[in-house]
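One letter stands for each residue in the lines below.
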Amino acid sequence: LYLKAGDPLRVYFIQEGEAVPRGRKFNIAGIYETGVGELDRLYVIGDIGVIRKLNNWETDQVGGFEILVKDFKKLDKVGKKIYRAVGYELNAKTIRDLYPQIFEWLGLMDMNAIIILVLMVLVSSMTMISTFLIIVLEKTGMIGILKALGARNGRISRLFLIQAGYILTLGLLWGNAVGIGLALIQKKWSVMKLPQDSYYVSVVPINLDWLSIAGLNLGTLIVCTAMMIIPSFIINRISPIKAIRFQ
């Protein structure tokens, strides 16, 4: 409507059983923006007293109640409980029922995040396996000498797994330092922007859940270490005589 704060606005209300709409004059006190076009285009926040007068309501009558749920995971459960409690003459809908497209989009984002995390863990695992094999090939002579001195394959494998675990832990520390540092910068200064029409937010939101970060690091460490156990069996196939001869 090309209006701004402070402009006058005349609104017409269509009443049931009346041929001529009722007009009321308002002044725009402010313009809000949620980032969700479905809300910004359809809703006006105004004085409920005007609606009560137009509809001949009592001073305690309203068109609906909004109930906030602290635990969003219990949204559907609470919604069903309220639906059963209000009776047949009233209706109760959750925010998920009113705007399913938004939650479908959020679910898609969550799925993308899971796929990206799985791919990152697989890539890091392949990288660690390659690093492990390079270390073993570089130390083939040392492996032959240790075997000649009586060292068992299992003990030698543990030595290389400990070394690979040290490299992996060091990489996790550096990765966490860089990643968390960038996240804190984004959280404080909002450096990375987003097209609000597509993503419903103007900047990349940051939520640092330290328990999830710790779990992700621990899971990465366990998965990558477990995947290095298989290539560690290559140590069993190294002949001490050939290893020492070509040292």
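Right, let's walk through the structure included here. If you're wondering where the values come from, they're calculated on a predicted model, not measured in any experiment.

### Some details on a nonpolar patch on the surface
Item 1. A surface patch of nonpolar side chains, about 1,200 Å² in accessible area, is lined by Y166, I167, L170, L173, W174, V178, L182, I185, W189, V191 and M192.
Item 2. By secondary structure assignment, the location of V178 is in helix α7 (residues 153-189).

### Some remarks on the pattern of salt bridges
Between side chains of opposite charge, pairing is possible as soon as their charged atoms come close.
Item 1. Following the criterion strictly, the structure yields three salt bridges and no others.
Item 2. In this structure, R22 and E18 form a salt bridge, with 2.7 Å as the shortest nitrogen-oxygen distance.
Item 3. Under the relative-accessibility criterion, E18 is labelled partly exposed at 34%.
Item 4. With a shortest N-O distance of 3.5 Å, D76 and R96 are connected by a salt bridge. Here D76, found in helix α3 (residues 75-86), pairs with R96, found in helix α4 (residues 95-98); they are 20 residues apart in sequence, far enough to count as distant.
Item 5. Exposure remark for R96: the relative accessible area of 30% places this residue in the partly exposed category.

### Considering the packing of aromatic side chains
The description of an aromatic ring pair uses the distance of the two centres, along with the angle that the planes make with each other.
Item 1. Within the structure shown, the criterion is met by three aromatic pairs.
Item 2. Seen from their ring centres, F72 and F103 are 5.7 Å apart, and the 15° between their planes marks the pair as stacked. Here the residue F72 occupies a position in the loop between α2 (48-55) and α3, and F103 occupies one in helix α5 (residues 100-138), the gap between them amounting to 31 residues.
Item 3. Note that R96 overlies the ring of F103, its terminal NZ or CZ placed 5.3 Å from the centroid.
Item 4. Sitting over the ring of W189, K188 keeps its end group 5.6 Å from the ring centre.

### Description of the side chain of T94
Item 1. Its location among the elements puts T94 in the loop between α3 and α4.
Item 2. Apart from the residues within four sequence positions on either side, T94 is in contact with L75, D76 and G79.

### What about the nonpolar core?
Item 1. Counting 17 residues, the largest nonpolar core has F132, V136, I143, F160, M228 and I235 as its most contacted members.
Item 2. Secondary structure elements with two or more residues in this core: α5 and α7.
Item 3. Per-element tally for this core: the top contributor is α7, with six residues.

Cut-off values and rules
Residues numbered from 1 in each chain as written. Predicted model: local features only at pLDDT ≥ 70, side-chain atom pairs only at ≥ 80, totals over all residues. Heavy atoms only, no water. Patch = residues over 30% accessible without salt bridge, like charges linked within 9 Å, V, L, I, M, F, W, Y side chains within 5 Å. Areas by Shrake-Rupley, 256 points an atom, 1.4 Å probe, with all protein chains shown as cover. Salt bridge = Lys/Arg side-chain N within 4 Å of Asp/Glu carboxyl O. Helix = DSSP H or I, 4+ residues; strand = E, 2+ residues; numbered from the N terminus. Buried < 20%, exposed > 50% of the residue type's maximum accessible area, 1.4 Å probe, protein only. Phe/Tyr/Trp six-rings, centres within 6.5 Å; stacked < 30°, edge-to-face > 60°. Lys NZ or Arg CZ within 6 Å of the ring centre and 35° of its normal. Contact = heavy atoms within 4.5 Å. Core = buried A, V, L, I, M, F, W, Y, C linked by side-chain atoms within 4.5 Å.

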